[in-house]
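Structural characterization, general
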2 protein chains.
Amino acid sequence: MVSTRTVVLFALVIAIAPMAYTGSKGEDQGVREARAGIEAANAKFSEAYARGDAKALSAMYTSDAIALPPDSEMIRGNEAIGEFWKATRDSGVQSVALTTVDVERSGDVACEVGKVSLTIQSAGKEPTTAVAKYVVVWKRQTDGVWKLHRDIWNSVPATK
Amino acid sequence: MVSTRTVVLFALVIAIAPMAYTGSKGEDQGVREARAGIEAANAKFSEAYARGDAKALSAMYTSDAIALPPDSEMIRGNEAIGEFWKATRDSGVQSVALTTVDVERSGDVACEVGKVSLTIQSAGKEPTTAVAKYVVVWKRQTDGVWKLHRDIWNSVPATK
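Residue numbers run consecutively from 1 along every chain, following the written order of its sequence. All chains are assigned letters beginning at A, and all ligands numbers beginning at 1, according to the order in which they are written. Side-chain atom pairs in this predicted model are given and counted only at pLDDT of 80 or more, local residue features only at pLDDT of at least 70, and totals for whole chains, interfaces and linings cover all residues. Derived side-chain values reflect all non-hydrogen atoms in the structure, with water molecules and hydrogen atoms excluded from consideration.

Okay, the interface of chain B and chain A next. A common way to express how large an interface is: the accessible area buried when the components associate. Counting residues at the interface gives 34 residues for chain B, matched by 34 residues for chain A. In this description, buried area is defined as the sum, over both parts, of the accessible area (probe of 1.4 Å) that is lost when the two are combined. Interface area for chain B against chain A, summed over the two sides, is near 2500 Å², with a carbon-plus-sulfur share of 61%. The working definition used for a salt bridge is a side-chain nitrogen of Lys or Arg within 4 Å of a carboxyl oxygen of Asp or Glu. Inspection of the region where chain B meets chain A yields eight salt bridges. The shortest N-O distance in the salt bridge between Glu104 of chain B and Arg150 of chain A comes to 3.2 Å. Polar contact criterion, stated in full: a pair of N or O atoms within 3.5 Å, where within protein one must be able to donate a hydrogen and the other to accept it, and residues adjacent in sequence count only if both atoms are side-chain atoms. Scanning the region where chain B abuts chain A turns up 21 residue pairs in polar contact (both at pLDDT 80 or more). When residues of the side of chain B that touches chain A are traced back to their parent elements, those giving at least two are β1 (61-68), β3 (93-106), β4 (109-120), β5 (128-140) and β6 (146-155) of chain B. Sort the elements by how many residues they give to the side of chain B that touches chain A and β6 of chain B lands first, with six residues. All residues other than Ala, Val, Leu, Ile, Met, Phe, Trp, Tyr, Cys, Pro, Asp, Glu, Lys and Arg, Gly among them, are scored as polar; the first ten of these are nonpolar and the last four charged. Tallied by class, residues from the side of chain B that touches chain A come to 16 nonpolar, seven polar and eleven charged. Throughout, a contact is declared for two residues whenever any of their heavy atoms are within 4.5 Å. A run of H or I in DSSP becomes a helix once it reaches four residues, and a run of E becomes a strand once it reaches two; helices and strands are each numbered from the N terminus.

So this is what it looks like as structure tokens:
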């Protein structure tokens, strides 16, 4: 005997299952999209950084972005942040290689956790490598481009 | 003479103005709500920290939280993070006073920028104060409580 209750439950499962699937699929796709956009932006960042291109770096941040470098006060606004990176480049940090560890997304905001490898050239010495970890909060612009909005990092333990 | 066009435009303004107002008001209220929830959580954090209460601190983080302390690898999961704070407390950092500088919100996710003042007691010395800045990504739980999901900080320049 198939009870009315079983039929109703079965109908509900049939009705809800594809919704749940679509929901999850849509969410995954949104995160994948964000991650692809962020990884593309990170590649662009590394290139602009290696050139010491303050203008290009500045354009990758939102106008009201905040960068929080270690041993520094907060830096507010994309132009000041572009100048900061140019000064860091000039001080001997030649290149930055960014690796995305994790991305989560809520609407037009995404939070990335990552690691960065820095190549440092001190005058008259062999280049050395330093590693840092970071959190970047990204904002998707109306044209689909992701821009850095909050950018903070710190060191990992020195390798022995 | 009042043209049909003027009447249509006027009707549109009447129809849209309250929506825009509600939209902005709703958004502001959402951010205010998040900020109040975060500041309440920060006060609770300081109390639990001062007690060295690893369990209470752990419960304030999401289960898949990541903390990124300076000179440390990432710490994953709320239990490990609670233990980290307990160990920091035991090492002589007696108290933390948190000041929220900025909050933005996207749905159930909020991003806080803030400053923290740490009181440090080294054996046989007068307590000293250190200041750090931080970014915390918070997640609103279904019960309305905000939990720390990403937590990263670093130092500000030493005062002269």
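Following the structure, the description resumes.
Quick look at the pattern of salt bridges now. Residues and elements named next belong to chain A. Throughout the structure, instances matching the rule amount to 16 salt bridges over all chains. The salt bridge partner of Glu39 is Arg35, with a shortest N-O separation of 3.4 Å. In this pair, Glu39 and Arg35 are both assigned in helix α1 (residues 4-51), four residues apart and thus about one turn of the helix distant. The buried label goes to any residue with under 20% of its type's maximum accessible area, the exposed label to any with over 50%, and the partly exposed label to all in between, with areas taken from a 1.4 Å probe on protein chains only. Note on Arg35: relative accessible area 30%, which makes it partly exposed.

The copies were overlaid by least squares, fitting only the C-alpha atoms of residues that reach a pLDDT of 70 or more in each copy. When chain B is fitted to chain A, the residual RMSD is 0.0 Å, and the transformation amounts to a turn of 180° plus an axial shift of 0.0 Å. What the superposition gives is, in effect, a two-fold axis relating one chain to the other. The overlap is high: 100% of the interface residues of chain B also sit at the interface in chain A, so the same surface is used on both sides.

Soluble globular proteins tend to pack their nonpolar side chains together in the buried interior. Phe45, Trp85 and Trp138 of chain A are the most contacted members of the largest nonpolar core, which totals 27 residues. Those elements giving two or more residues to this core turn out to be α1, β1 (61-68), α3 (78-90), β3 (93-106), β4 (109-120), β5 (128-140) and β6 (146-155) of chain A. A total of six residues in this core trace back to one element, the largest contributor, which is α1 of chain A. When neighbours within four sequence positions are excluded, Phe45 of chain A is seen to be in contact with Leu57, Met60, Tyr61, Trp85, Val96, Leu98 and Leu148 of chain A. Core analysis: the second largest hydrophobic core is formed by 26 residues, Ile38, Ala41, Ala48 and Tyr49 of chain B among them. Residue types Ala, Val, Leu, Ile, Met, Phe, Trp, Tyr and Cys, when buried and joined through side-chain atoms within 4.5 Å, form a set referred to as a nonpolar core.

Residue and element names in this part refer to chain B. Within the open sheet, the six strands sit side by side as β2-β1-β6-β5-β4-β3. Their pairing is mixed. The strands lining the two open edges of the sheet, one partner per strand, are β2 (75-76) and β3. The pairing criterion is simple: DSSP has to find at least two bridges between the two strands. Pairing analysis gives twelve bridges linking β3 to β4, with the strands arranged antiparallel. Bridge pairing in β4 links Arg105 to Ala110. Simply put, an axis is a line fit to the C-alpha atoms, just over the touching stretch for a helix, and the angle between two N-to-C directions goes from 0 to 180 degrees. Against the sheet, helix α3 (residues 78-90) engages β1, β2, β3 and β6, with an angle of about 50° to β1.

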